[in-house]
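Chains, contacts and geometry: an overview
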Amino acid sequence: MKVLSIDTSNYVLGIGLLDGDTVMGEYISNIKKNHSVRVMPAIQTLMNECSIKPGDLSKVVVAAGPGSYTGVRIGVTIAKTLAWTLNIPMSGVSSLEVAAASAGRYFDGYVSPFFDARRGQIYTGLYNFENQDLQTVKEDQLVMSADWVRTLNEMDSRILFTSNDLLLHENVIKEELGNKAVFAASTELNPRPAELALLGRDKESVDLHSFVPNYIRMAEAEANWLKSQENNK
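Residues numbered from 1 in each chain as written. Predicted model: local features only at pLDDT ≥ 70, side-chain atom pairs only at ≥ 80, totals over all residues. Heavy atoms only, no water.

1. Overview of the side chain of S29
The following threshold applies: Numbered from the N terminus, helices here are DSSP runs of H or I no shorter than four residues, and strands are runs of E no shorter than two. Burial status follows relative accessibility: with a 1.4 Å probe on protein chains alone, a residue under 20% of its type maximum counts as buried, one over 50% as exposed, and anything between as partly exposed. Under the rule applied, a polar contact is a pair of N or O atoms within 3.5 Å (in protein, one hydrogen donor and one hydrogen acceptor; residues adjacent in sequence only if both atoms are side-chain atoms). We call two residues in contact when some of their heavy atoms are within 4.5 Å.
As for its placement among the helices and strands, S29 is situated in strand β3 (residues 22–30). On the accessibility criterion, S29 (11% relative accessible area) is buried. Among the polar contacts listed, one links the side chain of S29 to the side chain of R38, at a separation of 3.1 Å. If sequence neighbours within four positions are ignored, S29 has contacts with Y11, V12, L13 and R38.

Structural data, given as C-alpha cells:
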C-alpha cells in the first residue's frame, strides 16, 4: 500500500511517501514561502525520486489543521483533487497529532504540541503513547497559553512540548511547570510527513465532497463579516 502524505497546514511544507511500513522518502522545508507554488513541484520531485507514478498510489493522507487557514486549505484541496482524480481514498489527520507523533513517540509522559495563534493564544492538544499507539488525552483546542499550562500543571507526569513557536511561549511554560516541562530538540520540531502517512494509513477514509478541515476558529475576515451581518439586522 503506497501512501502519499501532504502537510501545508503551517510554515513547514511536508510531503511523504510510505510503502507499507517502509518510508520511501520525505520532503520537508520550514521556510516562509508560498506553499501554493511549491507543493505540486515537491510532490512531483519526491515521486520521481522514488520512481512512483500517480497510478501506483493507494491512498492520500492530508494534515487537516489546525494551523494557517490558507495553508490548510491548500493541502486539503490538493489532497481532495488527487484522491478524486485517481479514484483512491483520502484520510485527514490532525496537524497537532502529527507534531506529537514526530517528537514524542518514545517519550514517557504526555506530549503537548502547539502552534502559535497570536495574542497569547495557541492551538494545542495533549497526547501520549500506549504500546506505540498515539492516544488523545485532551482534544485539539484554541486556548490562552497561560491557561493551558495551568491546566497541565494538574497532570501527574512530565510534559513534552514541541513547536516551532517554542520561543514565543517558553517563559510562560517554564514559570508555571518548572521541571515538569520538557522541550523537544530542534531536530524534532518539524512535523514529519512520514508520521502523517503512518497515522492516516489505516484511518477511516472520508467523503471527499463533505470533508472540511478543522480550523477550530473562523478566519478573522469571516468572523468580522458575520458580526457585520448581525449589526445590520
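2. Remarks on the sheet that holds β3
What holds strands together in a sheet is hydrogen bonding between their backbones, with the strands either parallel or antiparallel. Rules: When DSSP finds two or more bridges between two strands, those strands count as paired. Lines fitted to C-alpha atoms define the axes, with helix axes restricted to the stretch in contact, and inter-axis angles between N-to-C directions lie between 0 and 180 degrees.
Spatial ordering of the open sheet is given by β3-β2-β1-β4-β5, a layout of five strands whose pairing is mixed. A strand with exactly one partner marks an edge of an open sheet, and here the two such strands are β3 and β5 (90–93). Adjacent strand axes in the sheet meet at a mean angle of 15 degrees, parallel and antiparallel pairs treated alike. Most of the contacts of helix α1 (residues 39–49) go to strand β2 (residues 12–19), to which it runs at about 30 degrees, and overall it touches β1 (2–7), β2 and β3. Against the sheet, helix α2 (residues 69–86) contacts β1, β4 (59–63) and β5, and its axis sits at roughly 170 degrees relative to β4.

3. Remarks on the packing of helix α4 (residues 145–152) against helix α5 (residues 166–177)
Test applied: With respect to orientation, any angle under 35 degrees is reported as roughly parallel, any angle over 145 as roughly antiparallel, any angle of 65 to 115 as roughly perpendicular, and every other angle as oblique. For any helix crossing, the convention is left-handed if the near helix is rotated counterclockwise from the far helix by under a right angle, and right-handed if that rotation is clockwise. Residue classes follow a fixed rule: Ala, Val, Leu, Ile, Met, Phe, Trp, Tyr, Cys and Pro count as nonpolar, while Asp, Glu, Lys and Arg count as charged, and any other residue, Gly among them, counts as polar.
For the pair α4 and α5, the least separation of the axes is 9 Å and the interaxial angle reads 30 degrees. Considered as vectors, α4 and α5 are oriented roughly parallel to each other. Helix-helix and strand crossings are classified by hand; for α4 and α5 the assignment is right-handed. Within the contact between the two elements, α4 uses S145, A146, V149, R150 and L152 and α5 uses H169, V172, I173, E176 and L177. Taken together, the residues that form the contact of α4 with α5 break down as six nonpolar, two polar and two charged.

4. So, the packing of α1 against α2
Running from N to C, α1 and α2 point in directions that differ by 50 degrees, and their axes come no closer than 11 Å. Relative to α2, the element α1 is oriented oblique. For the pair α1 and α2, the contacting residues are V39, M40 and I43 in the first and I74, I78 and L82 in the second.

5. Examining the confidence of the model for the chain
Let me state the cut-off plainly: The predictor attaches a confidence to each residue, called pLDDT, with possible values from 0 through 100.
Looking at the chain, pLDDT values average 93 and 93% of them are 70 or higher. Counting contacts from residues 219–229, a segment whose pLDDT is below 50, to residues more than four positions away or on other chains yields four contacts.

6. Regarding the sheet that holds strand β6 (residues 110–118)
Across the sheet, which stays open at both edges, the five strands sit in the order β8-β7-β6-β9-β10 with mixed pairing between neighbours. Of all strands in the sheet, those with a lone pairing partner are β8 (133–144) and β10 (181–183), marking the two edges. The mean angle between the axes of side-by-side strands here comes to 25 degrees, regardless of whether they run parallel or antiparallel. Sitting on the sheet, helix α3 (residues 95–104) is in contact with β6, β7 (121–130), β8 and β9 (159–162), with an inclination near 50 degrees to β7.

7. Focus on the nonpolar core
The cut-off we apply is this: We define a nonpolar core as any set of buried Ala, Val, Leu, Ile, Met, Phe, Trp, Tyr and Cys residues linked to one another through side-chain atoms lying within 4.5 Å.
The biggest cluster of nonpolar side chains holds 68 residues, and the ones touching the most others in it are I6, I15, I43 and F161. By residue number, the principal contributor to this core is α2, which donates eight residues. Those residues in contact with I43 that sit more than four places away from it in its chain are L4, I6, I15, I78 and L82.

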